[in-house]
Each structure stands twice: as C-alpha cells, then as structure tokens.
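One letter stands for each residue in the lines below.
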Amino acid sequence: MKALLRAVGIGKSFGAKRVLENASLTVNKNEVICILGASGGGKTTLLRCLNLLEYIDGGFIEYAGHRVIEGNGKSPRRSWKSVIVPPKPFRLLVSEDEYRRRFGVVFQSYNLFPSKTVVENLIEGPVFVLAMKPPDARALARSCLEAVGMADRESALPSELSGGEQQRVAIARALAMQSCEILLLDEITSALDPPRVASLLGLIKKLRQERHLTMVIVTHHIDFAKDVADRVCFLDGGTIVEEGPPADVFSNPKTPAFKAFLEAVQASR
Amino acid sequence: MNDYVWDWEVVRRYSPAFRNGTIVTLLLTVIIIVVGTLLGTVLGVLQASTRPALKPIRWLVTAYVELLRGLPVLVFLIWLHYVAPQSSAWLYNAIAAIHDLLRPHIGKLGNAIMNGISSRAFATAALALSLNLSAFVADIVRSGVTSVPRPLVDAAKSLGMGSWLRLRRVILPETFRASLPALVAMYITMFKFTTLAAFIGCSELLNTVFTAGNSSYRYLELYTMLAAVYLVVLLPSTWCARRLENTRWFRRSL
C-alpha cells in the first residue's frame, strides 16, 4: 500500500520546550490511525504539524510522494538582517493554503464560527475556498448534516447547541470540504458521555465505509481506539514509541511507558 | 434678578443659516467617519499583523498613531491649516486637491452650503479630523484583531482559507462586532469635534452661530439653539447604535 502522508523524524519546539523529537508517522490511504499518549505528550501538536497549523523545525513531511515541508533542525546564523526578518526554522515547499484543503480538522474545542449558523459554518469553506455556488453548497451542507444526524438544526447558532452537537457540526464542516482527503480528529471523545462515544464510533465507522476517508484520531479512549483503529501509535516523550494493529499493541505492550499508561487506564475504571 | 428679555424670533430668522450649518456639519462628520474608518482599519490590520516582513511598516504605523493621538485635535487642525501649507507645497496641493474633489459634487445643495463646503477650511478640517480618527480607529481595530480567538483563525486556516480570505471572512467581522461600541463612541466624539472647524473658518454649525450672533447680538438664544441642534442629531444616533448592538446579528458573536 502506498503511503499517502509520511512524516519522518518530526521535531517541534515551543520556546525552550521540546514537544516533538524524532516522531515518525506514516498514513496509508483509507486507514484509520489512533494516536494515544499522556496529556501534554505532543499528540495535538503532532496532528497540527501534519496540516501545517504548526511548522516543524526538524524532519520532513511528504504528501503523496511530494515533499511539503522540511525543518532545518537548527536555527540559521543570526545576522543584522535577522533583527528585521527573523530566520525561519523550516522550509515550505508547497502553498500552505492549498495543502490544507486536503485536510479536514475537527478540533478538540470544535472551533465553530460563533456568529454563523450551522449551515453557514458548513458552506464557508466550499463557497469561499472551493468557489462553489451557494445553492449547491447549501445542498451539500444539508447532506453532510444528515450524515452526522444534525439535519434539523441547520439554522441554529453554535451557542445554542450542546457540546456533542457542536462536535457533529464540526465533523460535518470538515466533510463539506470536498477537497478533504484526510480527516484529523483531535480528542473527539473527551467531552462526551459513554452513549455518545458509542454513537460517534458508529459515525466514524460509517464515514469510513461510505466515504473512504483516511483518518488520524487523537484520543485517550482506549476502547474507542481498539474498536475503530487499523493502527495504533503511542506517543511518549515527543516520539512514537509503539506502533501496530490494536490487537497486537494492546495485548503485548513493549515499552514500560505504554505498559504504565495501560495500567493507569485499567486502574481508573 | 435676571432682566434679560428672551427673543426667540432670532432663531426663526436665522433658521436657513442653521439648516445650512447643520448640513455642512453632518457632511463633514460623514466624510470623517468614512475616511477615518477605512484608513484606520487598514492601519490597524497592518499593526496587528505578525508577518516579520511587515515589521518596518508596523513601526511607521505605530509612530503615526502615537503622533496623532498625542496632539490635541485643535492644535493639529490649526497647524495643518496655517503652518503646513506654508512649509510644504506638497501638503498645500493635497488639501487643494481634496477641495477640488469635493466642490463639483455639492453644487446642488445651494450657494450658502456650497460656500461652506468648498472653502479650504472644510477640506483641511475633513483631512485633519479624518487623520485623527484614523489613529484611534487603528488602535481599536488592532486590539480587536488581536482579541479574535486563535482557535477561530485555526479553523479558518484548516478550511484552506488564505490570509486575505481569513481577514475578510473571519477576522474583520469578529473585530467589528467586538469593537462597535468603541467605534460608536469615537464617532460621537468626532461629531462633536467638528465644532473645532469653526476656529479655522469653516462655516459649519458653530461658525454659522458666530456669524448670526455678530449681526443680531442674540447670542444667548442662538447658543441655546445650537446645543439643542447637537442633541437632536446626536441622541437618535446613539439610540440607533444601541439598538444595533442588541440585534441578533450583532449578538451572534457574544
């Protein structure tokens, strides 16, 4: 199987804090990958690096065989010019706006546009980025809302929706971008109660079967990962230390960090 | 105790002059608000940008904003009217150009008004107060842009929006909703600052009253009327602004 997205040796610092160090991840087409890891372990950062919401400073990312961005690893020599234009720790090889169209992102805090209704949130991308005609975009938006079971709330404002409903709208907004090839889902189960997690699981499975989407899911929820993932990655200390099909990884943890993580999850039940 | 005999007849006698003065004042206010807001928005967005290449421009904008906010409006107005044309032919020509630009459009309004508007003082007042407003609007817009939540910008980015589209569709609408009360406060201030134009000889409302008083000596009635006209114009406008803040469209972001 050919890799759709390949991130190799990713490094990322925020100031003095090294969040990612030599993290590598390969995403194949039609695959669902779950990224597990402790809080503050860099899961969200890794996800944001994939669609250039954060710029890496080490390693490189390839999409469908094309180099997208490469980090320099070290900051270039400072000169008098760097006072006015500070040096960048990366080199961007594509147009980032066009590259981001290939990704749908569902954020942990949903990030719906608060002043736009549900349907306006959905048509924003298709109309203004993909230059779709508004009536067509509306029809598309309705079909996406139906897919997530929110068809009856299309004229509501995000503030009038519950957290679970906002999440579904956020998923629908990502689906409405027809240029979307990879769906990045950040902590989508963390704000939901168990029955809603189950229905979300059903939704993810349905989307995968019907739309052949590739998904990268960041989660704490081990049962969810077991159910939905083709491959599970465990992130520790800014790097991916364990990777494989869920059946293997969960029954036979190799690293002490992953063992401790699984035990802690068991103990909390 | 007070044996002044009020004679309100004078108000009726000068009512055409009052009307003309009010129109000049309102026109001046509209020009100031439109030009000042447009220029101020551009400057505010530049100031809020984080692009490293724009750093020298940000310095210039900051200098401009600090300079104009630091000068009293009347001082700036007087300086621009009397000093600047003497010291710089370029500025003199710029004001003359504004003056020429305005003149043909208002011929229909009648001679008295046209004389008010086509004076060089009107052009100078429009320029000075627009620049002054733009400095304040720039600061309001800058703080508005920086207070747009980062997650919304991330959401716009993740939809593939470029920087111009993000600005137009997400950042500026949020900014204006958040800063409308501050902007309205500035607009009210600018409306009241148009009285300063009287001191360089622009025949707006206050100047009309000076002229009427010089010939009738009925200053007390005229000044009372003057205050009433300002209130009659201002109170409904502020009421409308308050209503706008309470509409669903406006509250959507709150």
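Everything discussed here concerns the structure shown above.
S.K.: Would you take a moment to explain the overall build of chain A for this structure?
M.R.: In terms of helices and strands, chain A carries 10 helices and 11 strands. Relative to the globule expectation of 18 Å for 269 residues, the C-alpha radius of gyration of chain A, 19 Å, shows essentially globular dimensions. Taking the principal axes of its C-alpha atoms as reference, chain A extends roughly 55 × 50 × 35 Å. Buried residues in chain A amount to 54% of all 269 residues. Taking as baseline every contact in chain A between residues at least 6 positions apart, the subset at least 24 positions apart corresponds to 65%. As presented, chain A carries roughly 11900 Å² of accessible surface, and 51% of it is formed by carbon and sulfur atoms. Taking the average place of the 35 positive charges on the side chains of chain A and the average place of its 30 negative ones, the gap between the two points comes to 6 Å.

S.K.: Would you mind showing me how to read the packing of aromatic side chains here?
M.R.: The relative placement of two aromatic rings is captured by the distance of their centres and the angle of their planes. Taken as a whole, this structure holds 13 aromatic pairs over all chains when the rule is applied. Relative to Phe-261 of chain A, the ring of Phe-234 of chain A has its centre 5.2 Å away and its plane inclined at 50°; by these criteria the two rings are tilted. With Phe-234 of chain A in strand β10 (residues 231-236) and Phe-261 of chain A in helix α10 (residues 256-267), this pair connects stretches of sequence that are 27 residues apart. Taken individually, Phe-234 of chain A and Phe-261 of chain A each receive the classification buried, so the pair is uniform in this respect. Centre to centre, the rings of Tyr-219 of chain B and Tyr-223 of chain B are 5.7 Å apart; their planes meet at 40°, and the pair counts as tilted. Of this pair, Tyr-219 of chain B and Tyr-223 of chain B both sit in helix α11 (residues 219-245), four residues apart, roughly one helical turn. Residue Tyr-223 of chain B is classed as partly exposed on the basis of its relative accessible area of 37%. Ring pairing ties together the aromatic residues Phe-234, Phe-250, Phe-258 and Phe-261 of chain A, which thus form one cluster. For Arg-67 of chain A, the ring lying beneath its charged end belongs to Phe-60 of chain A, and the centroid distance is 3.7 Å.

S.K.: Quick question: what am I supposed to make of a nonpolar patch on the surface here?
M.R.: Together, Val-30, Val-34, Val-35 and Leu-38 of chain B make up an exposed nonpolar region whose accessible area comes to about 350 Å². Of note, Leu-38 of chain B is situated in helix α2 (residues 15-48).

S.K.: I would appreciate a short explanation of the pairing of strand β11 (residues 239-244) of chain A in the present structure.
M.R.: For a regular strand, the rule is simple: side chains alternate between the two faces of the sheet. Residue and element names in this part refer to chain A. Note: β10 against β11, five bridges, orientation antiparallel. Paired with Leu-235 across the bridge in β11 is Ile-240. In this structure, the hairpin formed by β10 and β11 is closed by a connection of two residues, where Gly-237 is found at a positive phi of approximately 60°.

S.K.: Looking at this structure, how should I read the sheet that holds strand β8 (residues 182-186) of chain A?
M.R.: Sheet strands pair via backbone hydrogen bonds, and the direction of the pair is either parallel or antiparallel. Residue and element names in this part refer to chain A. With mixed pairing, six strands are arranged side by side in an open sheet as β7-β8-β9-β3-β10-β11. In this open sheet, the two edge strands, each paired with only one partner strand, are β7 (103-106) and β11. When strand polarity is set aside, the average angle formed by the axes of neighbouring strands in this sheet is 20°. Relative to strand β9 (residues 214-218), β8 runs parallel, the two sharing five bridges.

S.K.: Honestly, the nonpolar core in this entry has me stumped. Any pointers?
M.R.: As a rule of thumb, soluble globular proteins bury nonpolar side chains together. Judged by nonpolar contacts, the single largest core of 99 residues is most densely connected at Leu-5, Leu-25, Ile-61, Leu-122, Met-215 and Ile-217 of chain A. Considering each element in turn, this core owes the most residues, seven residues, to helix α6 (residues 163-176) of chain A. Residues in contact with Ile-217 of chain A, not counting those within four places in the same chain, are Val-32, Ile-33, Cys-34, Ile-35, Leu-185, Ile-188, Ile-204, Phe-224 and Val-228 of chain A. Within the second largest apolar cluster, 40 residues are counted, among which are Ala-126, Ile-140, Val-141 and Cys-202 of chain B.

S.K.: Mind showing me how you'd approach helix α1 (residues 43-50) of chain A here?
M.R.: Since the α-helix turns once every 3.6 residues, residues separated by three or four places project in the same direction. For α1 of chain A, the tally of buried residues reaches seven of eight residues, placing the bulk of the element in the interior. Three or more residues of α1 of chain A are buried, namely Lys-43, Thr-45, Leu-46, Leu-47, Arg-48, Cys-49 and Leu-50 of chain A.

About the criteria used
Residues numbered from 1 in each chain as written. Chains lettered and ligands numbered in written order. Predicted model: local features only at pLDDT ≥ 70, side-chain atom pairs only at ≥ 80, totals over all residues. Heavy atoms only, no water. Helix = DSSP H or I, 4+ residues; strand = E, 2+ residues; numbered from the N terminus. Rg over C-alpha atoms; globule rule 2.2 N^0.38 Å. Buried < 20%, exposed > 50% of the residue type's maximum accessible area, 1.4 Å probe, protein only. Contact = heavy atoms within 4.5 Å. Areas by Shrake-Rupley, 256 points an atom, 1.4 Å probe, with all protein chains shown as cover. Lys, Arg positive; Asp, Glu negative; His and termini not counted. Charge placed at Lys NZ, Arg CZ, Asp CG, Glu CD. Phe/Tyr/Trp six-rings, centres within 6.5 Å; stacked < 30°, edge-to-face > 60°. Lys NZ or Arg CZ within 6 Å of the ring centre and 35° of its normal. Patch = residues over 30% accessible without salt bridge, like charges linked within 9 Å, V, L, I, M, F, W, Y side chains within 5 Å. Salt bridge = Lys/Arg side-chain N within 4 Å of Asp/Glu carboxyl O. Pairing = 2+ DSSP bridges. Axes fitted to C-alpha atoms, helices over the stretch in contact; angles between N-to-C directions. Core = buried A, V, L, I, M, F, W, Y, C linked by side-chain atoms within 4.5 Å.

Purely spatial values, then, with no claim about function.
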